[in-house]
Amino acid sequence: MTYDLALENGTVCTENGLFPANVYVEGEEIRVISSIKEKLPAKESIDCSGLFLLPGFIDPHVHLGLALGRYTSADNFESGSALALSGGVTTLIDFLDPISDLAQFETAIKDRMTAAKDSRVDYSFHVTLAGNPSFSAEEIARSSIAAKMPSIKVFTTYSSSGRRSSDGMIYSLLSLSRKLGFVLMAHSENDEIIREREKEFSRPTYRDISSLRPTISELSEVAMLSLISLEEEGQLYIVHVSSGKTVEALSSLGLDWRRFTKLETCPQYLLLNNDPLKTDQGYLNTYCPPPRTDQERTLLQSALRKGEISSIGTDHCPFLNREKWENRDDYPKIPNGTGSLGISFATINTILDGDLKRVSSLLSTNPARIFGLFPKRGVLAPGSIANIAIVDRDVQSTVSRSRYTRSDHSLFEGIKLRGSVETVIHRGKLAFKNGDILLPKASGRFIERENIYWEKGACR
Ligand SMILES: [Zn+2]
């Protein structure tokens with residue numbers, strides 16, 4: 001037997017630990033993981049000496065080509081998936097446009113499927129709800145499962161733009177989630193607190209964001225939703241937790257909330273604080289929830305080290321400098337969002353001091369389990385898809401704007417991080433090496449996801 005691809009002399013990271021091994025790929029799948037001494041014939045072979053092989057990363061939270069009022073986020077599926085590959089990400093999960101009626105469901109699917117055709121990597125979508133829907137919780141849950149997208153996103157805020165879901169709808173969805181087999185994702189900020197804060201500002205600018213959307217609005221909403229999930233034994237995923245205070249508050253409840261609630265955070269909340277908002281360049285640091293104080297950022301890093309965060313998404317949604325600048329004195333008009341796709345690995349590897357077993361859980365195994373992609377993805381094992389990130393754990397690097405993004409700036413410019421992605425394999429094909437993208441656009445496919453039952457695959 002001659003294999004298509006051999007990855008030899010590296011250290012393989014599995015759930016059971018790290019060990020030196022060779023990996024042999026046939027077609028799109030891993031066939032054999034052998035000891036270093038046992039070499040098998042292969043058509044092509046890559047020497048991975050000194051490097052580590054991790055399961056390809058999964059970014060479960062991106063917005064590529066997102067139309068937001070007058071603007072569309074800078075990276076589309078073509079550039080976004082190149083950026084993804086340069087950071088070891090081989091699977092992306094984006095979102096359907098918000099719907100309030102089942103009749104809109106087909107159009108929402110068709111629109112995003114068309115946008116995603118250019119993706120270089122495989123992708124899926126989360127269903128997104130708008131406010132005041134005409135369907136019941138059970139109807140939208142069953143439709144999402146039938147469409148092979150068993151994850152539904154709700155907003156607890158943005159009532160002004162009609163996106164806020166009612167607490168009743170959220171309660172019903174959480175009660176059904178484990179029974180029917182789907183995940184409820186929540187953008188969690190208390191809308192009434194924010195509306196109350198807004199009364200103080202006649203014409204808010206970016207300098208007022210921390211005051212307009214305070215941590216208590218996130219903390220109180222996350223606590224409430226987690227308690228509902230605990231009581232109803234739901235499957236709740238909180239997107240973009242922005243403050244370590246939020247995680248600390250949950251932990252102080254002393255309850256077993258982790259079985260029913262998984263927390264996601266993003267590189268921007270782990271690496272940046274709200275100091276830039278006080279400067280003239282601060283209009284660039286506009287994303288939602290907003291950046292927090294340095295103390296909260298440090299607390300979030302320790303929550304990550306303690307294992308209280310389950311997954312890393314980027315919420316990648318950059319807008320151009322000019323698009324933010326021209327609205328700098330009128331905060332509600334600034335397109336919110338920033339770009340961090342591609343830097344998750346170095347960020348988490350730095351914070352976790354090169355603990356690659358935990359890095360691969362956070363960036364791959366956990367999101368695979370949480371969103372119904374496991375065990376085809378999220379693990380290196382015979383029979384799993386050959387999505388592999390080959391990394392240098394220790395090299396020091398300084399972040400600069402990637403040449404693959406269509407955004408014209410990076411908020412992370414100049415930050416020093418540890419570790420880099422050297423080579424990426426996507427479904428058995430060499431996709432990224434020596435800084436070059438080798439996979440053409442439209443190489444990615446839509447991934448059909450089946451019902452999700454968290455009790456079948458524990459993760460933290
Ligand atoms: Zn988002």
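Calculation criteria
- Residues numbered from 1 in each chain as written.
- Predicted model: local features only at pLDDT ≥ 70, side-chain atom pairs only at ≥ 80, totals over all residues.
- Heavy atoms only, no water.
- Buried < 20%, exposed > 50% of the residue type's maximum accessible area, 1.4 Å probe, protein only.
- Helix = DSSP H or I, 4+ residues; strand = E, 2+ residues; numbered from the N terminus.
- Donors = N, O, S within 2.8 Å, 3.2 Å for Na, K, Ca; no water.
- Contact = heavy atoms within 4.5 Å.
- Axes fitted to C-alpha atoms, helices over the stretch in contact; angles between N-to-C directions.
- Parallel < 35°, antiparallel > 145°, perpendicular 65-115°, else oblique.
- Nonpolar A, V, L, I, M, F, W, Y, C, P; charged D, E, K, R; others polar.
- Domains from an automatic or database assignment.
- Buried area = accessible area lost by both parts, 1.4 Å probe.
- Salt bridge = Lys/Arg side-chain N within 4 Å of Asp/Glu carboxyl O.
- Polar contact = N/O pair within 3.5 Å; in protein donor to acceptor, adjacent residues only side chain to side chain.
- Phe/Tyr/Trp six-rings, centres within 6.5 Å; stacked < 30°, edge-to-face > 60°.
- Lys NZ or Arg CZ within 6 Å of the ring centre and 35° of its normal.
- Patch = residues over 30% accessible without salt bridge, like charges linked within 9 Å, V, L, I, M, F, W, Y side chains within 5 Å.
- Areas by Shrake-Rupley, 256 points an atom, 1.4 Å probe, with all protein chains shown as cover.

Undergrad: I'm lost on helix α12 (residues 344-351) in this one. Help?
TA: Counting along an α-helix, one turn takes 3.6 residues, and residues three or four places apart therefore face a common direction. Burial of α12 is extensive: seven of the eight residues sit out of reach of the surface. Taken as a whole, α12 has its buried residues at S344, F345, A346, T347, I348, N349 and I351. Phi turns positive one or two residues past the end of α12, at D353, with a value near 55°.

Undergrad: Explanation requested: the coordination of the zinc ion in the structure shown.
TA: Under ideal tetrahedral coordination, the four donors around a metal are separated by 109.5 degrees; under ideal octahedral coordination, the six donors are separated by 90 or 180 degrees. Surrounding the zinc ion are the protein donor atoms H61 (NE2), H63 (NE2) and D315 (OD), at 2.1 to 2.2 Å. In the primary structure, the donors to the zinc ion are separated according to the pattern H-x1-H-x251-D. Here H63, found in the loop between β6 (57-59) and β7 (67-68), pairs with D315, found in the loop between β15 (311-312) and α11 (321-325); they are 252 residues apart in sequence, far enough to count as distant. The pair formed by H63 and D315 is uniform in burial state, with each residue classed as buried.

Undergrad: How should I be thinking about the side chain of T90 in this particular structure?
TA: Relative to the helices and strands, T90 resides in strand β9 (residues 89-95). The class of T90 is buried, set by a relative accessible area of 0%. Non-local contacts of T90, meaning those with residues more than four positions away in its chain, are made with G56, F57, L85, V121, D122, N387, V424, I425 and H426.

Undergrad: Is there a simple way to think about the packing of helix α8 (residues 244-252) against helix α10 (residues 294-305) in this case?
TA: Contact geometry for α8 and α10: axes closest at 7 Å, N-to-C directions at 50°. The angle between α8 and α10 falls in the class oblique. On α10, the residues that touch G244, K245, V247 and E248 of α8 are E296, L299, L300 and A303. Across the contact of α8 with α10, the residue classes tally to four nonpolar, one polar and three charged.

Undergrad: Would you mind showing me how to read the domain arrangement of the protein chain here?
TA: By a widely used convention, the size of an interface equals the accessible area lost when the partners come together. By domain assignment, the protein chain separates into domain 1 (3-54 + 383-394 + 419-437) and domain 2 (57-374). A C-alpha centroid distance of 31 Å is found between domain 1 and domain 2. On the domain 2 side, the residues contacting the 23 residues of domain 1 number 22 residues. Contact with domain 2 buries area across many residues of domain 1, yet E15, H426 and I437 alone supply 30% of it, more than any other trio. Here domain 1 is connected to domain 2 by one salt bridge. Residue R427 pairs with D122 through a salt bridge whose shortest N-O separation is 2.7 Å. Counting across the interface, domain 1 meets domain 2 through three residue pairs in polar contact (both at pLDDT 80 or more). Those elements that place two or more of their residues in the side of domain 1 that touches domain 2 are β1 (3-14), β2 (17-26), β5 (52-55), β16 (388-398), β17 (416-426) and β18 (429-433). Here the side of domain 1 that touches domain 2 is built from residues that sort into twelve nonpolar, seven polar and four charged.

Undergrad: Explain the pattern of salt bridges to me, please; I cannot follow it from the model alone.
TA: Oppositely charged side chains are able to pair whenever their charged atoms sit close together. Tallied over the full model, the rule gives 30 salt bridges. Across the pair D4 and K43 runs a salt bridge, and its minimum N-O distance is 2.9 Å. Placement of the pair is D4 in strand β1 and K43 in strand β4 (residues 42-47), with a sequence separation of 39 residues. The class for D4 is partly exposed, based on a relative accessible area of 28%. The salt bridge involving E29 is made with R31; its shortest N-O contact spans 3.1 Å. With a relative accessible area of 21%, E29 lands in the partly exposed category. The partly exposed category is assigned to R31, whose relative accessible area is 35%.

Undergrad: Which parts of the structure should I look at to understand the packing of aromatic side chains?
TA: In this description, an aromatic ring pair is defined by two values, namely the gap between the centres and the angle between the planes. Applying the stated criterion across every chain, the model contains eleven aromatic pairs. Judged by centre distance (5.5 Å) and plane angle (65°), the rings of F155 and Y158 are edge-to-face. You'll find F155 and Y158 in the same group, each marked buried. An aromatic cluster is defined as three or more aromatic residues linked by ring pairs; in this entry it consists of F77, Y123, F125 and F446. Taking NZ or CZ as reference, K153 lies 4.4 Å from the ring centre of F95, over its face. Above the face of the W454 ring, K262 is positioned so that its terminal group lies 5.1 Å from the ring centre.

Undergrad: Any chance you could explain a nonpolar patch on the surface here in plain terms?
TA: On the surface, a nonpolar cluster with roughly 230 Å² of combined accessible area is contributed by L227, L253 and L255. For L255, the location among the structural elements is in the loop between α8 and β14 (261-265). A relative accessible area of 40% places L255 in the partly exposed class.

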